[in-house]
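Survey of secondary and tertiary structure
Here are the chains, one letter per residue:
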Amino acid sequence: MRVQRWIAQNILQVTPSHRASFAFTEDRDLVGAAKMHVCAKWVVKMDVRHFFESISEGAVYRVFRSFDYGALLSFQMARICTRLPEHHRNDKRDFLGWGGKVPYRLQSMGHLPQGAPSSPMLANRAVEALDCRLERLARDSGWTYTRYADDLAFSRPTDATRSDALRLIKKTEMALFRSGLNVHRQKTNVISPGGRKLLLGVLIDTGELKLTKAFRNNIETHLYALTHEKIGPERHRVKRGFTSAMGMRRHIMGLIAFAHQVDKDYATKLYAHMNAVSWESSP
């Protein structure tokens, strides 16, 4: 874990990702990705199935080689930053090579583990060629493309047809397949003019980003319960199923932080309500 953190901080953070990638970068975020599609008439949303698990040890090796590291060092860093698939970890093989170890060519290929500090940025760099391909495909067809981790988004401010959208989806699926990735077809969505355009949790229908009514109701319900004299943090924690008051507090602060990215004035009011909560009696 320490080595993965060092790689993330000293190698990956100083090598910028493709401009269409908005996740896990210092100068781009979810709000920036959503803003790229504001006022779109047509929106196509797609999702990559098992994103991190689809980035192989070989792809990670090629990322380090692209930074001009030597083959052996790139190999070792790729092994450090990947893990074997679940069904291969306890695989006891009876064919051994030199030194009593299985020859590398016979070992199972690792993949990026979700949750590792190096995985997000390595994934971004591993699919950089795909981002270039999809950005070019979108531009040539009159669409705008962004990727936020495994969420792909295409939008178009001008008139189009559903056939245009379906043609774009088919070409994107082929590009993903050639890159070793698979689309989660159940999550593919085409939003036509007049449809409610929700992208990455925010509304992009008008000239500015907006929080959904459901999001506002949820966070305001939390704050109402926390500050109500007959409810309070402990009763609310139990009712909502949080294991600790600290966990609940972090969850709500995360919601407010998200709101702050979209609507700073609204978030300021939420922070004021949160600061009025009395947590002394909460375990």
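That block above? That's the structure.
Report on the accompanying structure. (Residues numbered from 1 in each chain as written. Predicted model: local features only at pLDDT ≥ 70, side-chain atom pairs only at ≥ 80, totals over all residues. Heavy atoms only, no water.)

1. Remarks on the layout of surface pockets
- By volume, the largest pocket amounts to about 270 Å³.
- Around the largest pocket, the lining comprises 17 residues; the ones closest to its centre are A59, R62, A126, V127 and S179.
- Listed by contribution, the elements that provide at least two residues to the lining of the largest pocket are α3 (57-66), α5 (119-126) and α6 (128-140).
- By residue class, the composition of the lining of the largest pocket is eight nonpolar, four polar and five charged.
- When its volume is computed, the second largest pocket comes out at roughly 160 Å³.
- Along its surface, the second largest pocket is lined by 13 residues, and L12, Q13, P16, T25 and E26 are the ones closest to its centre.
- For the lining of the second largest pocket, a count of residues per class yields five nonpolar, four polar and four charged. (1 Å grid on protein atoms, 1.4 Å probe; cavity = no way out; pocket = protein on both sides within 12 Å on 5 of 7 lines; lining within 4 Å. Points joined across faces, edges and corners; volume = space filled by probe spheres on them. Helix = DSSP H or I, 4+ residues; strand = E, 2+ residues; numbered from the N terminus. Nonpolar A, V, L, I, M, F, W, Y, C, P; charged D, E, K, R; others polar.)

2. Here's the deal with the packing of aromatic side chains
- Counting across every chain of the model gives four aromatic pairs.
- Look at F51 and F52: their rings are 5.5 Å apart centre to centre, the planes differ by 50°, and that puts the pair in the tilted class.
- A residue is classified by how much of its surface remains accessible, and F51, at 5% relative accessible area, is buried.
- By relative accessible area, which is 11% here, F52 ends up buried.
- In this structure, R216 is placed above the aromatic ring of Y266, and the distance from its NZ or CZ to the ring centre is 4.1 Å. (Phe/Tyr/Trp six-rings, centres within 6.5 Å; stacked < 30°, edge-to-face > 60°. Buried < 20%, exposed > 50% of the residue type's maximum accessible area, 1.4 Å probe, protein only. Lys NZ or Arg CZ within 6 Å of the ring centre and 35° of its normal.)

3. Let's talk about the pattern of salt bridges
- Counting across every chain of the model gives nine salt bridges.
- Taking the shortest distance from any N to any O, the salt bridge between D164 and R167 comes out at 2.6 Å. Placement of the pair is D164 and R167 together in helix α7 (residues 162-178), with a separation of three residues, close to one helical turn.
- By relative accessible area, R167 is classed as partly exposed at 44%.
- Linking R216 and D263 is a salt bridge whose minimum nitrogen-to-oxygen distance equals 3.3 Å. Residue R216 is located in helix α8 (residues 213-227), and its partner D263 is located in the loop between α10 (245-262) and α11 (264-275); the two are separated by 47 residues in the primary sequence.
- Judged by relative accessible area, which is 25%, R216 ranks as partly exposed. (Salt bridge = Lys/Arg side-chain N within 4 Å of Asp/Glu carboxyl O.)

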